[in-house]
Amino acid sequence: RAEAATIVSEAHAAAEAVIARRTALAETKIAAAERAAEAAVRGQAVDLATAAARRIIAAHDDPATQARLTAASISELDRRLH
């Protein structure tokens, strides 16, 4: 009888350990999926904001202003890349 109780106790402890490992793994996967979703939403927001700004600038600026903004953007790219 004591041996059976020991076996049951060990099995219970092993099951608890498996549950804890699987729970931790699931939580890790969920956290990674959340980070990926946040990054995707941020990326989409940047794309939408850039497109909106492009449309606004194109609709309200004259060619001289557009040329000046283009030159400034190219200079900024050059500065960031070098």
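Structure: see above.
Residues numbered from 1 in each chain as written. Predicted model: local features only at pLDDT ≥ 70, side-chain atom pairs only at ≥ 80, totals over all residues. Heavy atoms only, no water.

Enquirer: So what exactly am I meant to see when it comes to the environment of alanine 37 here?
Expert: Tracing the chain through its elements places alanine 37 in helix H1 (residues 2-60). Taking the C-alpha atoms as reference points, alanine 37 and isoleucine 56, separated by 19 residues in sequence, lie 28 Å from one another. (Helix = DSSP H or I, 4+ residues; strand = E, 2+ residues; numbered from the N terminus.)

Enquirer: Even after reading the chapter, I still don't get the pattern of salt bridges, so can you show me in this structure?
Expert: Side-chain pairs of opposite charge can arise whenever the charged atoms involved come near each other. Summed over the entire model, instances satisfying the criterion amount to 2 salt bridges. For glutamate 38, the salt bridge identified is with arginine 42, shortest N-O distance 3.7 Å. Linking glutamate 38 with arginine 42, this pair stays in helix H1, spanning 4 residues, or about one helical turn. Measuring nitrogen to oxygen at the nearest pair gives 2.5 Å for the salt bridge that ties arginine 79 to glutamate 76. Here arginine 79 pairs with glutamate 76, and both are found in helix H2 (residues 63-81), just 3 residues apart, close to one helical turn. Taking the relative accessible area as the measure of exposure, arginine 79 reaches 55% and is therefore exposed. For glutamate 76, a relative accessible area of 29% corresponds to the partly exposed category. (Salt bridge = Lys/Arg side-chain N within 4 Å of Asp/Glu carboxyl O. Buried < 20%, exposed > 50% of the residue type's maximum accessible area, 1.4 Å probe, protein only.)

Everything listed here is a matter of geometry and, on its own, says nothing about what the molecule does.
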